[in-house]
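Residue strings, one per chain:
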Amino acid sequence: MAVKLELRIDPVACDGYGHCAEVAPELFSLDEWGYPILRSGQVPTALVAVAKLAVKQCPRKALSLATAVDPPARRR
Amino acid sequence: MTEPNGPRLLAGTAGGHRLDFAEHVATHGSLPLPADRRESGPWAKDLVAQIGLSGLIGRGGGGFPTAIKLGGAVEGRHRTTVVIDVMEGEPAAQKDSVLAAFSPHLILDGAEVLAAALSAKEVKIAVAADNPAAKGSLEAALAERGQPRGRGLDMSIGTPPGRYVAGEESALVHWLDGGDSRPTYRPSKPAVLTIGRRRAYVENAETTAALALIARHGGAAYAAQGWERTGGTALVTISGAVDSPGVHEVAVGTPLGQIIALSQPTGTPTGILLGGYGGTFVGPEALTSPWSPEGLRPVGGAPGAGVIIVFNESSCGVTEISRIADWMARESAGQCGPCVFGLPALAEDLALVALGRNKGRIDVRLHAHLDIIAGRGACAHPDGVVRMVRTGLSVFRKDVAAHLEGRRCSCAGAPSVLTLPDNAGELAWR
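Residues numbered from 1 in each chain as written. Chains lettered and ligands numbered in written order. Predicted model: local features only at pLDDT ≥ 70, side-chain atom pairs only at ≥ 80, totals over all residues.

## Looking at the overall build of chain B
Formally: The helix count covers DSSP runs of H or I at least four residues long, the strand count covers runs of E at least two residues long, and both are numbered beginning at the N terminus. Between the two quantities, the radius of gyration covers C-alpha atoms and the globule rule is 2.2 Å times the number of residues to the power 0.38. Exposure classes come from backbone-placed C-beta atoms, where a residue is buried if 20 or more other C-beta atoms lie within 10 Å of its own, exposed if 12 or fewer do, and partly exposed in between. C-beta atoms are placed from the backbone for every residue, and two residues are taken to be in contact when these atoms lie within 7 Å.
A tally of helices and strands in chain B yields 17 helices and 12 strands. Rg of the C-alpha trace for chain B: 22 Å, near the compact-globule value of 22 Å for 430 residues, within the 12% margin. In terms of overall dimensions, chain B has C-alpha extents of about 70 × 45 × 35 Å along its principal axes. Across the 430 residues in chain B, those meeting the buried criterion constitute 54%. Taking contacts inside chain B between residues at least 6 apart in sequence as the whole, the part at least 24 apart equals 73%.

## Some remarks on the environment of Val318 of chain B
Here Val318 of chain B is to be found in helix α12 (residues 317-330). When the C-alpha atoms of Val318 of chain B and Val202 of chain B are compared, they prove to be 36 Å apart, with 116 residues separating the residues in sequence.

## Re the packing of helix α2 (residues 37-54) of chain B against helix α3 (residues 66-76) of chain B
All names here are of chain B. To be explicit about the condition: Lines are fitted to the C-alpha atoms to define the axes, a helix being fitted only along its stretch in contact, and any angle between axes, read from their N-to-C directions, falls within 0 to 180 degrees. Oblique is the label for any angle not covered by the other classes, which are roughly parallel (under 35 degrees), roughly antiparallel (over 145) and roughly perpendicular (65 to 115). In this scheme the handedness of a crossing depends on how the near helix is turned from the far one: anticlockwise by less than a right angle means left-handed, clockwise means right-handed. Amino acid classes used here: Ala, Val, Leu, Ile, Met, Phe, Trp, Tyr, Cys and Pro are nonpolar; Asp, Glu, Lys and Arg are charged; the rest, including Gly, are polar.
Interhelical geometry of α2 versus α3 gives an angle of 165 degrees and a closest axis separation of 8 Å. Between α2 and α3, the interaxial angle falls into the category roughly antiparallel. Where α2 crosses over α3, the handedness of that crossing is left-handed. For the pair α2 and α3, the contacting residues are Ala44, Val48, Ile51 and Gly52 in the first and Thr66, Ala67, Leu70, Gly71 and Val74 in the second. Tallied by class, the residues present in the contact of α2 with α3 amount to 6 nonpolar, 3 polar and no charged.

## Examining the environment of Glu294 of chain B
All names here are of chain B. Among the structural elements, Glu294 can be located in helix α11 (residues 293-296). The class for Glu294 is partly exposed, based on 14 C-beta atoms found within 10 Å. Separated by 104 residues in sequence, Glu294 and Lys398 place their C-alpha atoms 28 Å apart. When sequence neighbours within four positions are dropped, the list of residues in contact with Glu294 reads Glu228, Arg229 and Thr230.

## Re the sheet that holds strand β10 (residues 269-275) of chain B
Residue and element names in this part refer to chain B. Our working rule: A pair of strands is treated as paired once DSSP finds two or more bridges between them.
Within the open sheet, the 5 strands sit side by side as β9-β8-β12-β10-β11. Their pairing is mixed. If you trace the sheet from one side to the other, it starts and ends with β9 (246-251) and β11 (280-282), each paired once. Strand-to-strand, the axes of this sheet are offset by a mean angle of 30 degrees, without reference to chain direction. Note: strand β8 (residues 233-240) against strand β12 (residues 307-312), 4 bridges, orientation parallel. Within β12, the position partnered with Ile238 by the bridge is Ile308. The sheet strands contacting helix α16 (residues 381-395) are β10 and β11, and the helix crosses β11 at an angle near 15 degrees.

The structure is reproduced here in structure tokens:
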């Protein structure tokens, strides 16, 4: 069984650059102030690579991938 | 000794009398503690079992069963520092301050109970820097009892800034660990908080005092008052449209209307804010509900930190919600975007509704903001504001409808019943 992953946003570290939504619009939308909103709790298998890219490129290192817990952790 | 159906936490304090150590022991009896290390293991196990029987839940706002919280910490066997939270950042709450001012030894007894159960060598008591009465009473109490009975337990008092979120447990522990008094991001649940190399076990002051009663009299005696699964008495702070605001000790499960009657409400209640400024509004139908987690759940409320604010027809619900939201927006720790930008936006929407200006569908914008703010901060501050606003808009829906139609409600210009300290100045977190 494949391990399910979920994205986490550290809201203290995040400064609203919005880079994640440019790299991975399938995973992130932005609120009206430019801060990311996760589109879903778990990362679909097909989007794991792009999720990893978003984590790597976040200028504030505010993103992380964690093993999903069931039920998914509350949306951040 | 205290009477079974009388006050317990506030026993002997009638008329604003502060119990010194001798009076405290005469009122409550001496505190049973394990004699040595060998005894402390079985003693802690029995204590947790007694707390389970007592039905005690946390009185700081969360309402989590204390037996589960302490039981987990006892089993964890980590080196632990006990933190007693007397911060009481809620402007509408005064119960922990009253307890510290009049029965400080009950809090210190409970702190000793926690330290013994967790084999802790250190207890840190946190009182807001702007609360000299509570700090002075606790300092005097520490001096009155001397350093705790030669067990090498170090009890000290710290005074973090008196901000709304400074008493949030991660903010409190961060300050005690040398940081600023702002919440920290804790991705793993339950979160592990540390001071230096030790685990921090944080307990609210009133919950701590209740532990001193359970350690003395056992869980069954504590649960003799209470309702369904939740035992004991609790301290409530009643304010708003009442003639005599103040702190009262009530049995859990007392009907809300009966509790409010203790403070003599003026006029007819139209809404009640329960828990705190980040709590839930309930309508007058809740007056017959038992004040307990189970009793208030059907009307969407919860006891929270024991705050009860009464509103009547003389104040405008919409304007009052707007005032609270504006105050809470200024109390943001300023760390997370959705809180820093979202709460002021929400407060602005509400101010426009309160003014009766509905240009550009302000109600749509307001609800869009409510939908995106919650769950996106490091702490639950924004979530609390969203909950307060949502439930308030529902309870005062007639006023809201009138305002959205540009009529304003009949109570335009009515004075506020709220206690909102001035917080427009520079925020201090150190």
